[in-house]
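Take a look at the letters that make up each chain.
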Amino acid sequence: MKKIAVVTGARSEYGLLRWVIDEIHHATELQLQLIVTGGHLSPEQGLTYRCIEEDGYDIDAKVDMLLSSDCASGIAKSMGMCSIGMSDAFLHLQPDMIVVLGDRYELLPIVGTALVMRIPIAHISGGDITEGAIDNEVRNAVTMMSTLHFPGTQTSAARIGRMIGTMKNVFVVGETNLDNFIRLPNLSRIELADSLGIDADKPWILMTYHPVTKESCDVLQHEYADYEIIITRSNADIYGSNINQLLVRYVESHSNFHLYASLGQLRYVSILSQLYCMVGNSSSGIYESGYWHLPTLNIGHRQDGRFMTSNIICCENDRASIQEAFHYMQTVEYKKALTYIDNPYGDGNASKRIVEQIKQYFNSE
């Protein structure tokens, strides 16, 4: 039986890995090992490792990165702590392969440690382009260190092939985000309203805004009195705490703004079909909104380089641009664009494909 260690460091990333974890957990020829790190262990981020345990998965190792600072030097020191902790975890667990996803900075010490310790790496969602953050460089570095590649689209797969010089072990599987829509039941609007403490009769806007690590982080502060604004805290990125402090102050003086450390996976998946629109710069607005034909306002340049479906309106990170885009969202022209959306991100079966390829990799040894 092969031991597969899935490593997760953030609430959003766990949501994308959930069904990969579940497929490995139920595979008779594989043994799941679960390593949590990063924001999962941070009180400011909601101690979201508890959500993993509530889903019924045992955590085999917790690697605390000591995320006490979100300045560049503080995060670099945390990465060093992550590398030390990962070496101890890998030495103890002796995994036959690790599975990681995406482009967050903590992946560098994780996969770097695995590479040195000769542990094969399976990387999900490589080959994308995001020009507005250091994610691009992190993602490509992880690609170069990985053995198995699971991009979401054909375009991303082609980029990986050019980087590594071969299409061997590159498998287009779709984005794992969409698996949640098939596998999870939806809470009703009334259940969501009761759980979140918001008015079910008003239209809802979901805002998720993360720091853009190559530009200044100015967040629009403007009240839409007729809407309930549901905000999730920023990730533990560089200057993320600055945004969170601003949001806390703003929510205190605006009764229709509601701030949550984390919605949790079930509430997040359920709420997407109930929204008037999504606002922010999260990758969820790119990958998942098209599935629901959800009006989406993508602010700034964090997601530059990703394919934008026709429901997404891109605007600059300033008050006038956001207001203009929000007004365009209400036009007849835009609403027509929602009727047909060319979504290249998959069909909700990515996790099954990933785990099947992992099995075949070991069967072919």
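Procedures and definitions
- Residues numbered from 1 in each chain as written.
- Predicted model: local features only at pLDDT ≥ 70, side-chain atom pairs only at ≥ 80, totals over all residues.
- Heavy atoms only, no water.
- Helix = DSSP H or I, 4+ residues; strand = E, 2+ residues; numbered from the N terminus.
- Buried < 20%, exposed > 50% of the residue type's maximum accessible area, 1.4 Å probe, protein only.
- Pairing = 2+ DSSP bridges.
- Disulfide = S-S within 2.5 Å.
- Salt bridge = Lys/Arg side-chain N within 4 Å of Asp/Glu carboxyl O.
- pLDDT = per-residue confidence, 0-100.
- Contact = heavy atoms within 4.5 Å.
- Core = buried A, V, L, I, M, F, W, Y, C linked by side-chain atoms within 4.5 Å.
- Patch = residues over 30% accessible without salt bridge, like charges linked within 9 Å, V, L, I, M, F, W, Y side chains within 5 Å.
- Areas by Shrake-Rupley, 256 points an atom, 1.4 Å probe, with all protein chains shown as cover.
- Lys, Arg positive; Asp, Glu negative; His and termini not counted.
- Charge placed at Lys NZ, Arg CZ, Asp CG, Glu CD.

Caption draft 1: Local environment of the overall build of the protein. Helix and strand counts for the protein come out as 14 helices and twelve strands. Principal-axis analysis of the C-alpha atoms places the extent of the protein at approximately 60 × 45 × 40 Å. Here the protein holds 365 residues, and the buried ones make up 57% of them.

Caption draft 2: The pairing of strand β10 (residues 277-280), seen in detail. In β10, alternate side chains face the same way, and those of Cys277 and Val279 on one face and Met278 and Gly280 on the other are all buried. In this sheet, β10 lies alongside strand β7 (residues 204-208) in parallel orientation, the contact comprising four bridges. Note on β10: the bridge partner recorded for leucine 206 is methionine 278. In this structure, β10 lies alongside strand β11 (residues 296-299), joined through three bridges in parallel fashion. In the sheet register, valine 279 faces β11, and the bridge partner there is leucine 297.

Caption draft 3: Main features of the state of the cysteines. Per the counting criterion, the structure on display carries zero disulfides. For the unlinked cysteine cysteine 314, the closest cysteine sulfur is that of cysteine 315, found at 7.7 Å. On the accessibility criterion, cysteine 315 (9% relative accessible area) is buried.

Caption draft 4: Seen up close, the pattern of salt bridges. Per the stated rule, a full pass over the model turns up ten salt bridges. One salt bridge in this structure joins arginine 183 and glutamate 23, with 2.9 Å as the shortest N-O distance. Residue arginine 183 is located in helix α7 (residues 179-183), and its partner glutamate 23 is located in helix α1 (residues 11-26); the two are separated by 160 residues in the primary sequence. For aspartate 347, the salt bridge goes to arginine 353, with nearest N and O atoms at 2.8 Å. Residue classification places aspartate 347 among the partly exposed residues on the basis of a relative accessible area of 39%. Its relative accessible area of 32% is what places arginine 353 among the partly exposed residues. Salt bridges sharing common partners tie together Asp103, Asp128, Arg139 and Arg306.

Caption draft 5: Examining the confidence of the model for the protein more closely. Mean pLDDT over the protein: 88, with 92% of residues reaching 70 or higher. pLDDT under 50 marks residues 213-223. Its contacts with residues more than four places away, or in other chains, come to 34 contacts.

Caption draft 6: Here's a closer look at the nonpolar core. Counting residues in hydrophobic clusters, the biggest one holds 32 residues, and the most contacted among them are Val99 and Ile358. Of all the secondary structure elements, the ones that give two or more residues to this core are β1 (2-8), α1, β2 (30-37), α2 (49-54), β4 (97-101), β5 (121-124), β6 (148-150) and α14 (350-363). When residues in this core are grouped by element, the largest group, six residues, is from α1. Residues contacting valine 99, with those up to four places away along its chain left out, are Ile4, Ala5, Val6, Val7, Leu17, Val20, Ala122, Ile124 and Ile358. In terms of nonpolar packing, the next biggest core, distinct from the first, is built from 25 residues, Leu196, Ile230, Tyr287 and Ile312 among them.

Caption draft 7: Quick peek at a negative patch on the surface. Taken together, the side chains of Glu53, Glu54, Asp58 and Asp60 present a region of like negative charge at the surface. The topology assignment puts glutamate 53 in helix α2. Take glutamate 53: its relative accessible area is 38%, and that puts it in the partly exposed class.

Caption draft 8: Expanded view of helix α4 (residues 107-116). Among the residues making up α4, those that are buried are Leu107, Pro109, Ile110, Val111, Thr113 and Ala114. Following α4 by one or two positions, arginine 118 has its phi on the positive side, about 60°.

Caption draft 9: Structural detail: a nonpolar patch on the surface. A surface patch of nonpolar side chains, about 270 Å² in accessible area, is lined by Leu66, Met81 and Ile84. Summarising the element assignment, methionine 81 is placed in helix α3 (residues 72-93). Looking at methionine 81, the relative accessible area reads 34%, which means it is partly exposed.

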